[in-house]
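Descriptive structure summary
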Amino acid sequence: RLFKSAKKSIRLDFYIFYGDEANQMTDILVEKAKQGVEVKVIFDKNMGAMPMIKRPMEKILKRFKNLNLKNLSAVKSANNELKGKFRKSDHNKNIIIDEKIGMLGGMNVGDRFKNFHDIMVEFEGPAVKQLQFWFDRDFCHAASKQPDKCDSLNGKSVEDNDWDEELPGATS
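Since this is a predicted model, take the numbers as computed values, not measurements. (Residues numbered from 1 in each chain as written. Predicted model: local features only at pLDDT ≥ 70, side-chain atom pairs only at ≥ 80, totals over all residues. Heavy atoms only, no water.)

Section: the overall build of the protein
Inclusion rule: Only DSSP runs of H or I covering at least 4 residues are called helices, and only runs of E covering at least 2 are called strands; the numbering of each starts at the N terminus. A 1.4 Å probe rolled over the protein chains alone gives each residue an accessible area, and that area as a share of the maximum for its type sets the label: buried under 20%, exposed over 50%, partly exposed in between. The criterion used for residue contact is that any of the two residues' heavy atoms lie within 4.5 Å.
On a plain count of helices and strands, the protein comes out with 4 helices and 8 strands. The order of helices and strands in the protein, counted from the N terminus, is α-β-α-β-α-β-β-β-β-β-β-α. The buried share of the protein, taken over its 172 residues, is 46%. A fraction of 69% describes how many contacts in the protein between residues 6 or more apart in sequence connect residues 24 or more apart.

Printed below as a string of structure tokens:
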């Protein structure tokens, strides 16, 4: 529902993304990109680490890249070293639609997880801008290894940002 309603942008960051539901979501993402919606996707660099999950995720990533659509960008997460905290995997599960609607939670997308009881919370307001900032930071780091060159970060680099500082759109 949210992907289909997007008019401007879709940002998607998932640890595990495969199977029938992921393929249906992929079809919608591709269609939205063809309609001019900016689509950015981050998958965990290890792609779930298990071969039965990794191979289908690699196919989806390859499909995104082979389409060569101007509005569709997909990357594997980078190793991030933030303030001495090393993250080997990207366990994020979030969606941002049109810079206005955010979803965050613990849900993976995959046939193996259909009977799991995971939660995704949908929200609006300043928290969406914070989530988008974090997404853009991770995306730029993964895509270019130079996040300070990304316009959406307003010239800030990963090193310039502290987890505790107020981010764009935050209110006290």
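Concerning unusual backbone geometry
If you check the backbone angles, Asn-68 has positive phi at about 50 degrees while not being a glycine. Following the sequence through the fold, Asn-68 ends up in the loop between α3 (51-67) and β3 (72-76). The residue Glu-99 is not glycine, and still its phi comes out positive at about 60 degrees. When you line up the elements, Glu-99 lands in the loop between β6 (93-97) and β7 (101-105). Judged by relative accessible area, which is 29%, Glu-99 ranks as partly exposed.

A closer look at the packing of aromatic side chains
Between two aromatic rings, the relevant description is the distance of the centres plus the angle of the planes. We apply this condition: Each Phe, Tyr or Trp ring, with Trp reduced to its six-membered ring, pairs with another whose centre is within 6.5 Å; inter-plane angles below 30 degrees give stacked pairs, above 60 give edge-to-face pairs, and intermediate values give tilted ones.
The full count for this structure, using the stated rule, is 3 aromatic pairs. Arranged with centres 6.0 Å apart and planes meeting at 45 degrees, the rings of Phe-14 and Phe-17 form a pair that is tilted. Taken individually, Phe-14 and Phe-17 each receive the classification buried, so the pair is uniform in this respect. One aromatic cluster in this structure is built from Phe-14, Phe-17 and Phe-43.

Here we look at helix α2 (residues 19-34)
Our working rule: In a helix, the anticipated span is given by 1.5 Å times the number of residues less one.
With 16 residues, α2 should reach 22 Å at 1.5 Å per residue; the first-to-last C-alpha distance of 22 Å fits that figure. Packed against the buried residues of α2 are α1 (2-5), β1 (9-14), β2 (38-43), α3 and β3. Gly-36 occupies a position one or two residues after α2 and carries a positive phi of about 100 degrees.

Comments concerning the side chain of Asp-13
Inclusion rule: Any pair of nitrogen or oxygen atoms within 3.5 Å is treated as a polar contact; in protein, a donor-acceptor pairing is required on top of that, and neighbouring residues in sequence qualify only through side-chain atoms on both sides.
Here Asp-13 lies in strand β1. Of the polar contacts made by the side chain of Asp-13, one reaches the side chain of Asn-92; its length is 3.0 Å.

Looking at the nonpolar core
Where we set the bar: Among buried residues, those of type Ala, Val, Leu, Ile, Met, Phe, Trp, Tyr and Cys that are joined through side-chain atoms within 4.5 Å constitute a nonpolar core.
In this structure, Phe-17 and Phe-64 are the most contacted members of the largest nonpolar core, which totals 33 residues. Residues within four places of Phe-17 in sequence aside, it is in contact with Leu-12, Ala-22, Met-25, Thr-26, Phe-43, Met-57, Ile-60 and Val-109. If you look at the next biggest cluster of nonpolar residues, it comprises 10 residues, including Val-75, Ala-78, Leu-131 and Ala-142.

Describing the pairing of β7
The condition is simple: What makes two strands pair is DSSP finding at least two bridges between them.
Where β6 and β7 come together, 4 bridges link them in antiparallel fashion. Following the sheet pairing, Asn-94 is matched in β7 by Leu-104. Taking the residues between adjacent antiparallel strands as the criterion, β6 and β7 are bridged by 3 residues, where Asp-98 takes a positive phi near 55 degrees. When β7 meets strand β8 (residues 120-124), the two strands line up antiparallel, connected through 5 bridges. Across the sheet, the residue bridging to Gly-105 is Met-120, located in β8.

Considering the pattern of salt bridges
As a reminder of what qualifies: Salt bridges are defined as contacts in which a side-chain nitrogen from Lys or Arg sits within 4 Å of a carboxyl oxygen from Asp or Glu.
Counted under the stated rule, the structure contains 6 salt bridges. Note that Lys-8 is salt-bridged to Glu-99, the shortest N-O span being 3.2 Å. Linking Lys-8 in the loop between α1 and β1 with Glu-99 in the loop between β6 and β7, this pair joins segments that are 91 residues apart in sequence. Take Lys-8: its relative accessible area is 49%, and that puts it in the partly exposed class. Between Glu-38 and Lys-40 there is a salt bridge, with the nearest N and O atoms lying 3.9 Å from each other. Note on Glu-38: relative accessible area 32%, which makes it partly exposed. Among the charged side chains, a network of salt bridges with common partners joins Arg-11, Glu-38, Lys-40 and Asp-136.

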